[in-house]
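Survey of secondary and tertiary structure
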Amino acid sequence: MYQIKAKIILNKKIIPEHYKICLDAPEIAGEAKPGQFVHIRAREGYDPLLRRPFSIHKSQGEKIEILYKVVGKGTQLLSRKKIGKKIDILGPLGQGFKVNPGLEKVILVAGGIGVAPLYFLAERLAGYTHWKAEKGSKRQSIINDSSINKNQLDILVLLGAETKEKILCLEDFKNLNVKIEIATEDGSESFKGLVSDLFFQLLSKESQVNLVCACGPALMLKRIAELNYRYKIPCQVSLEQRMGCGIGACLGCTIKGQTGYLRVCRNGPVFEADEIQWNEI
Amino acid sequence: MYQIKAKIILNKKIIPEHYKICLDAPEIAGEAKPGQFVHIRAREGYDPLLRRPFSIHKSQGEKIEILYKVVGKGTQLLSRKKIGKKIDILGPLGQGFKVNPGLEKVILVAGGIGVAPLYFLAERLAGYTHWKAEKGSKRQSIINDSSINKNQLDILVLLGAETKEKILCLEDFKNLNVKIEIATEDGSESFKGLVSDLFFQLLSKESQVNLVCACGPALMLKRIAELNYRYKIPCQVSLEQRMGCGIGACLGCTIKGQTGYLRVCRNGPVFEADEIQWNEI
Amino acid sequence: MSSESKKNIDLSVRLGRITLKNPVLVASGTFGYGEEYAELINLNELGGIMVKAVTLEPREGNPPPRLAETPAGLLNAIGLENPGVDVFLKEKLPFLRRFQTAIIVNIAGEKEEEYLRLAERLNQVKGISALEVNISCPNVKEKGLIFGTDPEQTFSLVKKLGEITDIPLVVKLTPNVTDITKIAQASQEAGAEALSLINTVLGMSIDVETRKPKLGNITGGLSGPAIRPIAVRMMWQTFQKVNLPLIGMGGITDAEDALEFILAGASAVAIGTANFIDPKTALEVIEGIKQYMQVKGIKNFKDLIGWLK
Amino acid sequence: MSSESKKNIDLSVRLGRITLKNPVLVASGTFGYGEEYAELINLNELGGIMVKAVTLEPREGNPPPRLAETPAGLLNAIGLENPGVDVFLKEKLPFLRRFQTAIIVNIAGEKEEEYLRLAERLNQVKGISALEVNISCPNVKEKGLIFGTDPEQTFSLVKKLGEITDIPLVVKLTPNVTDITKIAQASQEAGAEALSLINTVLGMSIDVETRKPKLGNITGGLSGPAIRPIAVRMMWQTFQKVNLPLIGMGGITDAEDALEFILAGASAVAIGTANFIDPKTALEVIEGIKQYMQVKGIKNFKDLIGWLK
Ligand SMILES: Cc1cc2nc3c(=O)[nH]c(=O)nc-3n(C[C@H](O)[C@H](O)[C@H](O)COP(=O)(O)OP(=O)(O)OC[C@H]3O[C@@H](n4cnc5c(N)ncnc54)[C@H](O)[C@@H]3O)c2cc1C
Ligand SMILES: Cc1cc2nc3c(=O)[nH]c(=O)nc-3n(C[C@H](O)[C@H](O)[C@H](O)COP(=O)(O)OP(=O)(O)OC[C@H]3O[C@@H](n4cnc5c(N)ncnc54)[C@H](O)[C@@H]3O)c2cc1C
Ligand SMILES: Cc1cc2nc3c(=O)[nH]c(=O)nc-3n(C[C@H](O)[C@H](O)[C@H](O)COP(=O)(O)O)c2cc1C
Ligand SMILES: Cc1cc2nc3c(=O)[nH]c(=O)nc-3n(C[C@H](O)[C@H](O)[C@H](O)COP(=O)(O)O)c2cc1C
Ligand code: FES
Ligand code: FES
């Protein structure tokens, strides 16, 4: 975990309201794992007061990339930041996706901007970038360099969006040579409906799924979690909650887990679906 | 009095910490009189919360110009505004300098950034731009176009600055063909000392001064006012005070006058020196 | 949405015997006696104007500086500067009466006696919709205790005022108390027509360079967005404890802010500090409330009051 | 200025029997039990750590959402989530004890009995510099009245605690009262070693789209720069009425903010919400106070306390 002033290498709109920002953050890039996030100070002063959390979307060499949607003051300020300026970020934070060696088939389900951490995960799973061994971490089961390559692993990515125009990262995923299915709410591309409905449809066809990883709106995740519970497929979800400190100290970002409250920033943001009390969401 | 969104035509540093901003503000430019000010919102949002007042430095055609010094958050934000953007301004506000026809000799005393309204006044006095007749105003004695020209009036401008490098508007004044004397605190140019000391020195030489107009730090104005009181020369000063509304409604910007509190924004910012209770300053 | 449907929206609201054409007022002390703002906005569009505090005798007010900015807030210590009720009636009220908007006169004093004589003086005056009783002043008689922090003093004052005047009484509550609902209940029992809340929160700020307080009066009242969460909380608490119409204020800068108060129980809102920042705020809030009602399919403003889930 | 003169500056300060190497602490509930921030800053540099509230039994805390942002402020309703005193002693305190900094344990409860048993439990424990008595919780026995709003309950609680424990007691005052100096005086008479102020200001915020309160608990505590003027005012009022050392907090984000409290009478300050925004804040405040002392030619921090003109 580091607090650094990261230089902005790139900050551009990719589709309306959606931006990519690339930051020079060697310390963070060096340690980042898929599913972890950074806590960004959108500007000095009091307005807004708090940092804003964003999943790490890509991490390569000394750089990290964030994919973000403008929804309020903080993200708007971020979208106006100029290349060359520095911003204050804390990271990498939280627990990422936990992937065991020996997987055969993984489904990644992305709802809207929820695709951000899943691309990072897909890239690592597909073997294009490498997992780093963790120094002295208590984390149990992380794939290491040698235990994975793209031939062994069957990766299916489900991308959900409102309309065809709002599908994110399609080209990026194509470059990974993973299987891709698309759901649009208005039917303007492929499956018409919610990505969770598409997932439900596919579940009947797909066999031997070892793991489902999902990120998106809370209600989508709830639905995915229920389906996986029904089909007994291990499932990990990346959750969101309003954050204060972002590092586990304030107990502000909790959600109800099976055994009490869990801190999204420290115990998550990625949780096993069955750790969560979904009826409280 | 208008509230308008004025487009920024120019915003540039002229010497360290000092900027000029030129705004497209036809309504305000049309009515502005020397000594009046505008109330500017440095940015949307809460930080800073209030508008900031600035004297009108120039007013020509449809444009007004502000000369400002960066001293805190508001002025810093202003200095970063880009050409082409719009800012929210209220103006023209307050009472300006009151100049009677038939003057022969006027001395303008400027301390630092206090020069801002005095240049506008000098320009009008020198006849280069014209006073507009006021529509339905109760203001008593304003010079009109015909009653003044540069040949009749002897204008002496005293410019005070910390150092030679910090002298403001010298070229502008030279172009008006007015007499100029300079005082620098470190003696790096001309008279060494405060501009009020220079003024004191000159008073013994100059005779028949009809009016002194001054703007600058409060203590300088106090000194100038005392001297003029002693020499019985009519004197007008432009004062500052923290402002809320800027239009006379909140009673937040008062200073002690001879007959009670005066609102700097409405009764001033230009006052006859003998209206003010200087011992309270 | 069509302008048709906007026309069908009814923004009028009654606060006891006070009728407002819309629920957006401007708060006392932030709008003077209307004269200055009349040059910038159409006062006829306002739900009402709560004028700057009037006292029996002229008051000079506090020494400057009277204002200091704080994070998202404004400290003020004006000290009730005003020309006194006689000048108010002669020079200020006639101007205000020209407009089609409710005129609510804020009255203040340091002794019960002063309030009572003020009320007498105003009782027969035409064109006053209500008196707003500013009980945030220290009671010089009772050892400087602020009237509005003591339920008994509040009850006694409001009761006596009601006996003197027929003009509806709006009691303005101070937030500087342990339990605002106690003062609210005392006001209700004493016969208040409505309550307005909140007045400013007592604060202080220091210039560490000069080592002096930033206000001439040392302490002052905090207003602006900084205090909004406090004001909304007090609105919600008060709404649950009294049956009077409530006028909400404290840090409102836009329609969304105003709606927080309304959903929490306010029958009307007042714009204070935001007038200084943008004189159009009140008009924009009226527009924004209309839009919200359209989107939510609500026709009568009344149905928004206390609509919190 | 030379680093020589910086070395001569003495930042240490005594609060009764509590000695701090410098006057900058971190506030309870904003720094956990130090573990997380230890990864980002050197805890040895802090004047002290006021740990998250500990209760007798584990507490689950309030339903989410627990945080909401407001203008220059933060609303929180954590609800005293903590693992209970036993786990605190076994798993949290040993870590904290490793550092050369004062450890102040914030204790909370709903009944007097709970506080007293907590104090008993902590009495013989090594490595605790003081107990900070959080009296902002509702007293379930006395109809939910907040302990800290009632001078008598405060007196009784602090008196009894003092009879049970030798550890210095710091009473933490709530700002949600009509007159904070009354509670301060009651604490002094009951034998408090020092006072800390202020806890959060009760607030509320509403999401007008969903029409629901932004906090799961409906109301919460407001902290951050928004409340600073309120906190500075209460510091100044309290400094004039009691003879105890005071720890100031409420919206401190930099040395200038901290100095406002110190000039108003604080012997030490605590950084709360600002830790979330910039974990280095406390260290920067220490540096900034040093610089101020250099510029003003003050060698002993003590001479700054209450230095207001
Ligand atoms: C672990 C984590 C990872 C995230 N990763 C990404 C990402 O990769 N890309 C991305 O675009 N966004 C991501 N988010 C969401 C992002 O943090 C918010 O969109 C951002 O904080 C909004 O800030 P704002 O000031 O623009 O909006 P605000 O003005 O603060 O809020 C605008 C609206 O968004 C809602 N909102 C804001 N923050 C949150 C939140 N944390 N949880 C739920 N609702 C919220 C508000 O209630 C409000 O309705 C992530 C959030 C978390 C907790
Ligand atoms: C009628 C009038 C005309 C003015 N004309 C000009 C002008 O032409 N050019 C120019 O550069 N400035 C002018 N000023 C001053 C200008 O308004 C302030 O410098 C500005 O408001 C500072 O804002 P800030 O946010 O940058 O500084 P802040 O952060 O608000 O303050 C920085 C420092 O400046 C002091 N300060 C700020 N505002 C005032 C004020 N109004 N009076 C006294 N002290 C203050 C503060 O106490 C603080 O020490 C004028 C002021 C008035 C009242
Ligand atoms: C400069 C100023 C002057 C005020 N004067 C009065 C007053 O005379 N009488 C009164 O009852 N309230 C007065 N108030 C309080 C406001 O009416 C209002 O209750 C308070 O400012 C909270 O609203 P706001 O945050 O929107 O400003 C004044 C407030 C300000 C800022
Ligand atoms: C998230 C959060 C949790 C808090 N928890 C506690 C607590 O457990 N005990 C306590 O006495 N104060 C608690 N506080 C109050 C702070 O210690 C402090 O008094 C208050 O936040 C004001 O300081 P600030 O504005 O610098 O944050 C908490 C504050 C916050 C923001
Ligand atoms: S944000 Fe503070 S504990 Fe998660
Ligand atoms: S700033 Fe409001 S009266 Fe002058």
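Scroll up to find the structure.
Let me begin by describing the structure that accompanies this report. (Residues numbered from 1 in each chain as written. Chains lettered and ligands numbered in written order. Predicted model: local features only at pLDDT ≥ 70, side-chain atom pairs only at ≥ 80, totals over all residues. Heavy atoms only, no water.)

1. Let's talk about the relation of the copies chain D and chain C
Our working definition: All copies are superposed by least squares; the fitting set is the C-alpha atoms of residues with a pLDDT of at least 70 in both. Two residues qualify as a contact provided that any one of their heavy atoms is within 4.5 Å of a heavy atom in the partner residue.
Once chain D is rotated about the relating axis by 180° and shifted along it by 0.0 Å, it coincides with chain C to within an RMSD of 0.0 Å. Accordingly, the operation relating the two chain copies is best matched by a two-fold axis. Take the interface residues of chain D: 100% of them recur as interface residues in chain C, which is what a same-surface contact looks like.

2. A few points about the pattern of salt bridges
Put simply, the rule reads: Every case where a carboxyl oxygen of Asp or Glu lies within 4 Å of a side-chain nitrogen of Lys or Arg is listed as a salt bridge. Elements are defined by DSSP. Helices are runs of H or I of four residues or more, strands are runs of E of two residues or more, and each kind is numbered from the N terminus. The classification of residues rests on relative accessible area computed with a 1.4 Å probe and restricted to protein chains. Under 20% of the type maximum is buried, over 50% is exposed, and intermediate values are partly exposed.
Applying the stated criterion across every chain, the model contains 57 salt bridges over all chains. With a shortest N-O distance of 3.7 Å, B:K20 and B:E65 are connected by a salt bridge. Residue B:K20 is found in strand β2 (residues 18-24), and its partner B:E65 is found in strand β6 (residues 63-69); the two are separated by 45 residues along the sequence. When sorted by exposure, B:K20 lands in the same class as B:E65, which is buried. Overlapping salt bridges bring together A:K20, A:K58, A:E65 and A:D172 as one network.

3. Focus on helix α5 (residues 195-205) of chain A
Residue and element names in this part refer to chain A. Cut-off, in case you're wondering: Directions are taken from the helix axis to each C-beta atom, and the arc is the one they span.
For α5, the full list of buried residues reads V195, S196, L198, F199, L202 and L203. Along the long axis of α5, the arc covered by the buried residues comes to 150°, so they all point the same way. Summarising the contacts, the buried residues of α5 are in contact with β8 (105-111), β9 (154-161), β10 (179-184), β11 (191-192), β12 (211-215) and α6 (218-231).

4. Observations regarding the sheet that holds strand β12 (residues 194-197) of chain D
Across a sheet, paired strands are connected by hydrogen bonds in the backbone, their directions being either parallel or antiparallel. All names here are of chain D. The condition is simple: Pairing between two strands is assigned when DSSP locates at least 2 bridges connecting them. Note on geometry: axes are lines fitted to C-alpha atoms, helical ones only across the stretch in contact, with angles between N-to-C directions running from 0 to 180 degrees.
Pairing is parallel in the closed barrel, where 8 strands are placed in the order β3-β4-β7-β8-β11-β12-β17-β18. Going across the sheet, the axis of each strand differs from the next one's by a mean of 25°, ignoring polarity. Examined bridge by bridge, strand β8 (residues 130-134) and strand β11 (residues 169-172) share 4 bridges and lie parallel to one another. The residue bridging N134 from the neighbouring strand is K172, located in β11. Packed on one face of the sheet, helix α2 (residues 85-97) meets β4 (48-54) and β7 (102-107) and runs near 165° to β4. Along the sheet face, helix α6 (residues 228-241) touches β12 and β17 (246-249) and points at about 165° away from the line of β17.

5. Quick word on the interface of chain D and chain C
When the parts of a complex come together, some accessible area is lost, and that lost area is often used as the size of the interface. The test is simple: Once two parts are brought into contact, the accessible area they lose, counted with a 1.4 Å probe and summed over both, makes up the buried area.
Tallying the contact residues gives 42 residues for chain D and 42 residues for chain C. Roughly 3800 Å² is buried in total at the junction of chain D and chain C, and carbon and sulfur atoms are behind 66% of that figure. Of all residues in chain D, D:M204, D:V208 and D:R211 bury the most surface against chain C, accounting for 19% of the area lost on that side. For the interface between chain D and chain C, the tally reads 2 salt bridges. C:K296 is paired through a salt bridge with D:E209; the nearest N and O atoms lie 3.4 Å apart.

6. Things to note about the site of ligand 1
All names here are of chain A. What counts, and what does not: When we say a residue is near a molecule or strand, we mean one of its heavy atoms is within 4 Å of it. In the analysis that follows, any N or O atom pair within 3.5 Å is treated as a polar contact, provided that within protein one partner can donate a hydrogen and the other can accept it, and provided that, for residues neighboring in sequence, both atoms belong to side chains. Areas reported here follow the Shrake-Rupley algorithm with a probe of radius 1.4 Å; residue values treat only the protein chains shown as occluding. Here the term charged refers only to Asp, Glu, Lys and Arg, the term nonpolar to Ala, Val, Leu, Ile, Met, Phe, Trp, Tyr, Cys and Pro, and the term polar to all other amino acids, Gly among them. Boundary definitions for the domains trace back to an automatic or database domain assignment.
For ligand 1, the set of nearby residues contains 20 residues, the closest of which are R52, P53, K69, G74 and T75. Between a nitrogen atom of ligand 1 and a main-chain N or O atom of S55, the distance comes to 2.9 Å. One of the backbone nitrogen or oxygen atoms of Q241 is found 3.3 Å away from a nitrogen atom of ligand 1. Against a free-state accessible area of 870 Å², the protein chains account for coverage of 76% of ligand 1. It is strand β4 (residues 52-55) that provides the largest number of residues to the shell around ligand 1, a total of 4 residues. Residue composition of the shell around ligand 1, by class: 10 nonpolar, 5 polar and 5 charged. Taken domain by domain, the makeup of the shell around ligand 1 includes at least three residues from each of domain 1 (2-93) and domain 2 (105-158 + 207-280).

7. Section: the interface of chain B and chain C
Between chain B and chain C, the contact holds 30 residues from the first and 33 residues from the second. It is B:Y46, B:L49 and B:Y261 in chain B that bury the most area against chain C; as a group they hold 25% of the surface buried on that side. A salt bridge links C:E39 to B:R266, with the nearest nitrogen and oxygen atoms 2.7 Å apart. Taken together, the connections running from chain B to chain C amount to 11 residue pairs in polar contact (both at pLDDT 80 or more). Classifying every residue of the side of chain B that touches chain C by side-chain character gives 15 nonpolar, 7 polar and 8 charged.

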